[in-house]
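The lines below spell out each chain.
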Amino acid sequence: MDKDRKTLIADAAIALLGSAGAKGLTHRAVDAEAGLPLGSTSFYCRTRHELLTLALLRHAALDLADLQADAPLMARPDWGLDDFIDLLVARVADWLSPAKRARLVARFELFLVASREPELADIVTQQRQRFLAATEAALSKAGVSQAASLAPRLLVIVDGLLLDQVRANGAVLTGEQQKALFKAVLRP
């Protein structure tokens, strides 16, 4: 039951971060968002730092689960760069979808909070290394030379694209424009 309750708390914290920002994240607000009795969040996360840590780890797990869901597509023997770019554009569209938009906003809220809290920054760095390794492996599988040097650049571009899309509250670049951008980066 603890894991289910903690997941519920983490998901409620992510929803609040996405809708109300870091200032709206309180133990009481999480209890209300999760539909839990008052004091439930405080029982599992005594401090705000513990609550932020739980939300950050859950957020990373959700993003990694999205990438793992994409993995079977990359197992095809004819997998190539164009397939990777199509998948990348689809992943960006999914993360920008109304169903996941609050989670995406929460991601950037968590990154900003982590920029001022070293322990949270360490978690972000560890998660980034996982994303980097997955991106490098996917690029290698797609036949991209210099995957190790291109993977960090691609992550920065995707983060920048996502942040810009969130800021603009809509599509700044169409899927075709995104494809052209990714091709320019990945085919130097």
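Conventions and cut-offs
- Residues numbered from 1 in each chain as written.
- Predicted model: local features only at pLDDT ≥ 70, side-chain atom pairs only at ≥ 80, totals over all residues.
- Heavy atoms only, no water.
- Helix = DSSP H or I, 4+ residues; strand = E, 2+ residues; numbered from the N terminus.
- Expected span 1.5 Å × (residues − 1).
- Buried < 20%, exposed > 50% of the residue type's maximum accessible area, 1.4 Å probe, protein only.
- Arc of directions from axis to C-beta.
- Contact = heavy atoms within 4.5 Å.
- Salt bridge = Lys/Arg side-chain N within 4 Å of Asp/Glu carboxyl O.
- pLDDT = per-residue confidence, 0-100.

A. Helix α9 (residues 175-186), seen in detail. End to end, α9 covers 16 Å across 12 residues, agreeing with the expected 16 Å (1.5 Å per residue, within 8%). Among all positions of α9, only Gln178, Phe182, Val185 and Leu186 are buried. The arc that holds every buried residue of α9, seen down its axis, measures 85 degrees, which confines them to one face. When the buried face of α9 is taken as reference, the exposed residues oriented beyond 90 degrees from it are Glu176 and Ala184. Where α9 is buried, its residues meet α5 (81-96), α7 (118-141) and α8 (147-168).

B. Expanded view of the pattern of salt bridges. In this structure the tally under the stated criterion is 16 salt bridges. Note that Asp70 is salt-bridged to Arg91, the shortest N-O span being 3.0 Å. With Asp70 in helix α4 (residues 48-74) and Arg91 in helix α5, the pair connects residues that are 21 residues apart, well separated along the chain. Judged by its relative accessible area of 9%, Asp70 falls in the buried class. Given a relative accessible area of 9%, Arg91 falls into the buried group. A salt bridge links Glu176 to Lys179, with the shortest nitrogen-to-oxygen separation between them at 3.6 Å. With a gap of 3 residues between them, Glu176 and Lys179 both fall in helix α9, about one helical turn apart. Taken together, the salt bridges that share partners define one network made up of Asp63, Asp66, Asp70, Arg91, Asp94, Lys100 and Arg103.

C. Inspection of the confidence of the model for the protein chain at higher detail. Mean pLDDT over the protein chain: 92, with 97% of residues reaching 70 or higher. Within the protein chain, the element-level pLDDT minimum falls on α9, averaging 91, and the maximum on helix α2 (residues 27-34), averaging 97.

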